[in-house]
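Now for the letters of each chain:
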Amino acid sequence: MKNENLHNDLILRAAKQQSVERTPVWFMRQAGRYLPEYREVRKKVDFLTLCKTPELAAEVTVQPVDLIGVDAAIIFSDILVIPEAMGMTLVIEENKGGPRFTDPVRSRHEIELLRDIEPADDLRYVHDAIKLTKKELDSRVPLIGFSGAPWTLLTYMVEGGGSKNFRHAKEMIFNNPQDAHALLERLAEIISKYLSAQINAGANVVQIFDTWGGILSPDAFEEFSLRYIRQIVEEIKRDDEPVIVFCKGCAHALDTMALLGADVIGLDWTFDIGKAREIVGGRTALQGNLDPSLLYSNPERIRHEVIEILEKYGHHRGHIFNLGHGVLPDVPVENVKAFVDAVKNESGKYHTE
Ligand code: 1CP
């Protein structure tokens, strides 16, 4: 979809390293439990029902735009909807840790039993939610679509949930790498189709989340993660809809990631954004990278850190402000608001020609 006349297209311009009046800001997991208005909706329905009901998904997607004033919306969904559509059973037990698959896949046979899906059909509810959200946003800000990266999806599918040591996923890549590749290849193909369908439905930007890329050694990161991300970026790339790649804990590979073909690289908070800019050298824009735990502090401390990051990035094009990872569910809303306001108020000085 060609970009319509958005009232606020700061993120699109920053992603393409064009001139902006101030640094745009949004943050990962911005629709979520830190917002009382989100918790109200969640009282009525469970998490998966929320993802699968376009009217409700659109409602919570728009909440942080109205309540916090972010410069983009990100469609409310989850990275785990792909494995669920492939036939895995996803359970989210309230207050009992994160989501879990009851039937992890650990053998070639189990991988082969997974359904081949057509994202435009099997995940139509996500695309319907995007269309509805676009109507509700009424061109105020861009809408971001997303997917997990193949490697991160593999970790959840093989482990069955979050993990400390990723024993089963590591066993697979070291003992049966061909099984891991068989799964990663299928996922890369599905994710390419899924993200293209999100763009066709109206997403103005797409982000690939590789939350667990950082648990791999540099060589394994290239073999089991980056090469599939590269393949996806090549497949989905268009002129008008920027692609953001966020890999947590992967700054060691910044120079390689700068050549992925993505428009923007997301940075976690453990790397200096000024140094990162020198490494990527204008080949991509950068997104990040305030420590999400800073939102437990206070508005003055938050403003101070925002200024530090703006200073480090300096007077250059191509910065999208974000947290270095998702917002934590129990941070005070006033601190979240202070973060967004600080970026808006302080970054005008760093406008780019
Ligand atoms: O109770 C609830 O309401 C469920 C909490 C929750 C929420 C709000 C989950 C379960 N997912 C989400 C939404 C979500 N997940 C979004 C929404 C859009 C937004 O506002 O940003 C997005 C982009 C995601 C992506 C996601 N899900 C990632 C990648 C980003 C990241 O934070 O690293 C991952 C790893 C997941 C898996 C997942 N889903 C939910 C949880 C609690 C987890 C983490 C599980 C774990 O590792 O233990």
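Please refer to the structure placed before this passage.
Parameters and conventions
Residues numbered from 1 in each chain as written. Predicted model: local features only at pLDDT ≥ 70, side-chain atom pairs only at ≥ 80, totals over all residues. Heavy atoms only, no water. Helix = DSSP H or I, 4+ residues; strand = E, 2+ residues; numbered from the N terminus. Rg over C-alpha atoms; globule rule 2.2 N^0.38 Å. Buried < 20%, exposed > 50% of the residue type's maximum accessible area, 1.4 Å probe, protein only. Contact = heavy atoms within 4.5 Å. Areas by Shrake-Rupley, 256 points an atom, 1.4 Å probe, with all protein chains shown as cover. Lys, Arg positive; Asp, Glu negative; His and termini not counted. Charge placed at Lys NZ, Arg CZ, Asp CG, Glu CD. Salt bridge = Lys/Arg side-chain N within 4 Å of Asp/Glu carboxyl O. 1 Å grid on protein atoms, 1.4 Å probe; cavity = no way out; pocket = protein on both sides within 12 Å on 5 of 7 lines; lining within 4 Å. Points joined across faces, edges and corners; volume = space filled by probe spheres on them. Nonpolar A, V, L, I, M, F, W, Y, C, P; charged D, E, K, R; others polar. Pairing = 2+ DSSP bridges. Phe/Tyr/Trp six-rings, centres within 6.5 Å; stacked < 30°, edge-to-face > 60°. Near = heavy atom within 4 Å. Polar contact = N/O pair within 3.5 Å; in protein donor to acceptor, adjacent residues only side chain to side chain. Sits in = over half its atoms within 2 Å of the grid points.

### What about the overall build of the chain?
Helix and strand counts for the chain come out as 16 helices and 9 strands. Radius of gyration (C-alpha) of the chain: 19 Å, near the 20 Å computed for a compact globule of 353 residues. Its C-alpha atoms give the chain principal-axis dimensions of roughly 60 × 45 × 40 Å. Here the chain holds 353 residues, and the buried ones make up 58% of them. Pairs at least 24 apart in sequence give 74% of the contacts found in the chain among residues at least 6 apart. Just so you have it, the chain exposes about 14,300 Å², and 47% of that area is on carbon and sulfur atoms. Side chains of the chain carry 41 positive and 53 negative charges; the gap between the two charge centres is 1 Å.

### Let's talk about the pattern of salt bridges
Applying the stated rule across the entire model yields 23 salt bridges. The closest approach of N and O atoms between R167 and E171, which form a salt bridge, is 3.0 Å. Of this pair, R167 and E171 both sit in helix α10 (residues 167-175), separated by 4 residues, roughly a single helical turn. With its nearest N and O atoms 3.1 Å apart, the salt bridge here joins D263 to K237. Note that D263 is positioned in the loop between α13 (254-257) and β7 (264-266) and K237 in the loop between α12 (218-236) and β6 (243-247), a separation of 26 residues in sequence. When its relative accessible area of 11% is taken as the criterion, D263 is described as buried.

### Observations concerning the layout of surface pockets
As a volume, the largest pocket reaches approximately 1,300 Å³. In this structure, the largest pocket is lined by 42 residues; those nearest its centre are R29, R33, D78, P99 and V327. If one sorts the elements of the lining of the largest pocket by residue count, helix α2 (residues 36-44) sits on top with 4 residues. When grouped by side-chain class, the residues that make up the lining of the largest pocket number 21 nonpolar, 11 polar and 10 charged. The computed volume of the second largest pocket comes to approximately 160 Å³. Taken together, W269, F271, D272, I273, N289, L290, D291, L294, E305, E308, I309 and K312 make up the full set of residues lining the second largest pocket.

### Quick notes on the pairing of strand β5 (residues 205-210)
Across the 6 residues of β5, 6 count as buried, placing the element largely inside the fold. Burial along β5 is two-sided: the face carrying V205, Q207 and F209 and the face carrying V206, I208 and D210 are both buried. Direction of pairing for strand β4 (residues 143-148) relative to β5: parallel, over a ladder of 5 bridges. Counterpart to G145 in the pairing with β5 is V206. One ladder, built from 5 bridges, connects β5 with β6; its direction is parallel. Residue pairing for β6: D210 is matched across the bridge by C247.

### With respect to empty space enclosed by the protein
Per the stated rule, a full pass over the model turns up 1 cavity of 30 Å³ or more. Of the voids in this model, the largest cavity is the one considered here, and its volume is about 70 Å³. If you trace the largest cavity, you find 11 residues lining it, with T23, Y313, H316, H319 and Y350 closest to the centre. Class assignment for the residues of the lining of the largest cavity results in 4 nonpolar, 6 polar and 1 charged.

### Some points on the packing of aromatic side chains
One pass over the structure, following the stated rule, counts 8 aromatic pairs. Ring plane angle 50° and centroid distance 5.1 Å describe the contact between F166 and W212, whose orientation is recorded as tilted. Of this pair, F166 sits in the loop between α9 (150-159) and α10 while W212 sits in the loop between β5 and α12, placing them 46 residues apart in sequence. A relative accessible area of 4% means that F166 is categorised as buried. Aromatic rings pair up to connect F27, Y34, F321 and F339 into one cluster.

### Considerations on the site of the ligand
Close contacts around the ligand come from 21 residues, with R29, Y38, D78, Y156 and H325 the closest. Interatomic distance of 3.1 Å between a backbone N/O atom of Q30 and an oxygen atom of the ligand. One of the side-chain nitrogen or oxygen atoms of R42 is found 2.8 Å away from an oxygen atom of the ligand. Coverage of the ligand by the protein amounts to 89% of the 890 Å² it exposes when considered alone. With respect to the pocket detection grid, the ligand is positioned in the largest pocket. Residues of the shell around the ligand, tallied by class, amount to 12 nonpolar, 5 polar and 4 charged.

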